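# Summary of the model geometry
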Amino acid sequence: MKRIATMLSPEEIDSRLREMGREISEDYAGRQLVLVGVLRGAYMFLADLCRYITIPIEVDFLGVQSYGDETTSSGVVRMTSDLSRPIQDKHVLVVEDIVDTGLTARYLIQNLETRKPASLALCALLEKPKNNVGGVPIRYLGFTIPDQFVIGYGMDYASLYRNVPYIGVLEDQKEN
Ligand code: 5GP
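Reference entry: report on the structure contained in this document. All values derive from a computational prediction rather than experimental measurement.

With that settled, the discussion passes to the environment of Pro-86. As for its position among the elements, Pro-86 is in the loop between strand 4 (78–81) and strand 5 (91–99). For Pro-86, a relative accessible area of 65% translates into the label exposed. Measuring from C-alpha to C-alpha, the distance between Pro-86 and Pro-117 comes to 8.9 Å, with 31 residues separating the pair along the chain.

This is the structure:
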C-alpha cells in the first residue's frame, strides 16, 4: 500500500453523517423514502448514513461506471446495474460518494426522473466544487474538498483502498 495522507478522519465523517441523518429525517418525516446508493463508491457512506436516519426507508442500489483505472473522469457514464424495484410515486434520494464533474449525477437524475418518482434529490458525501461546472444541485452535502483524487471510505484507486476507514490522498497523487 502507498502512504496515505488523511483528509477526513473517521470521527469527522461520523459527526457530519449524524447531522445529515437528522436533517434528512426531519425533511422527509411522514413520507416514504427510498435511498438509492450508487455503486460501488457509496456503499460505506450509505451504510453509515442510514443508521442516523430515523424514519422508515427502503434501500436500493444501482451501478455506474465513469472512471476506469484512471484518476480523471472518462466523461462517459454507463449504467452497470439497475434498481431492483420501481420508484414511481416514491420519494427518492440518490446517495453518491463524490460529485466531481457532476456528469454521473446529472446522468442519474435525468435517467431516474423518467421513472416518475414523487420527488428526486441528490445526497453526496463529497463535492469538488471547482470541477462541478454544470452546478449539479446537491440537496445534502457532507464536505467540499479541494481538487485532489481521494481514496478510502468506499472509494477506490484501481479497485483498491475502499476498506480504508477514513478519506485520504495517496502521497504520490497529492499534486493532481
Ligand atoms: P463525476 O461524474 O462527478 O465526474 O464523477 C463521479 C464519480 O467519479 C464518483 O461517484 C466516483 O466514483 C468517481 N470519482 C470522482 N472523483 C473521485 C475521487 O477523487 N476519488 C475516487 N476514488 N473516485 C472519484
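That shown, we press on.
Next up on the list: the packing of aromatic side chains. In the structure shown here, the tally under the stated rule is 1 aromatic pair. Between the aromatic rings of Phe-149 and Tyr-157, the centroid separation amounts to 6.1 Å while the plane-to-plane angle is 75 degrees, which identifies the pairing as edge-to-face.

On to the site of the ligand, then. Surrounding the ligand, one finds 18 residues, the nearest of these being Asp-97, Thr-101, Thr-104, Val-150 and Asp-156. At 2.8 Å from an oxygen atom of the ligand is found a main-chain nitrogen or oxygen belonging to Gly-102. Between the ligand and the protein, one listed contact pairs an oxygen atom with a side-chain N or O atom of Lys-128 at 2.8 Å. Isolated, the ligand exposes 500 Å² of accessible area, and the fraction of that covered by the protein chains is 92%. Counting only elements with at least two residues in the shell around the ligand, the list comes to strand 5 and helix 3 (103–113). At 4 residues, the largest contribution of residues to the shell around the ligand is made by strand 5.

What follows covers the sheet that holds strand 8 (residues 150–151). What the 3 strands build is an open sheet, ordered 1-9-8; its pairing is antiparallel. Looking at strand neighbours, the two that pair on one side only are strand 1 (4–8) and strand 8, the edges of this open sheet. Two strands pair when backbone bridges link them, and strand 8 and strand 9 (residues 167–170) are joined in this way by 2 bridges, in the antiparallel orientation. Residue pairing across strands places Ile-151 opposite Gly-168, the latter belonging to strand 9.

Turning our eyes to something else, we now look at unusual backbone geometry. Residues apart from glycine generally show negative phi values, whereas peptide bonds are mostly found in trans. A cis geometry characterises the amide bond from Leu-39 onward to Arg-40, with omega recorded as 0 degrees. Note that Arg-40 resides in the loop between strand 2 (33–39) and helix 2 (43–50). You will see that Asp-89, though not glycine, has its phi angle at about 65 degrees, which is positive. Examined against the element boundaries, Asp-89 turns out to sit in the loop between strand 4 and strand 5. For Ser-159, which is not a glycine, the phi torsion comes out positive at approximately 70 degrees. Following the sequence through the fold, Ser-159 ends up in the loop between strand 8 and strand 9.

Reading guide: rules and limits
- Residues numbered from 1 in each chain as written.
- Predicted model: local features only at pLDDT ≥ 70, side-chain atom pairs only at ≥ 80, totals over all residues.
- Heavy atoms only, no water.
- Helix = DSSP H or I, 4+ residues; strand = E, 2+ residues; numbered from the N terminus.
- Buried < 20%, exposed > 50% of the residue type's maximum accessible area, 1.4 Å probe, protein only.
- Phe/Tyr/Trp six-rings, centres within 6.5 Å; stacked < 30°, edge-to-face > 60°.
- Near = heavy atom within 4 Å.
- Polar contact = N/O pair within 3.5 Å; in protein donor to acceptor, adjacent residues only side chain to side chain.
- Areas by Shrake-Rupley, 256 points an atom, 1.4 Å probe, with all protein chains shown as cover.
- Pairing = 2+ DSSP bridges.

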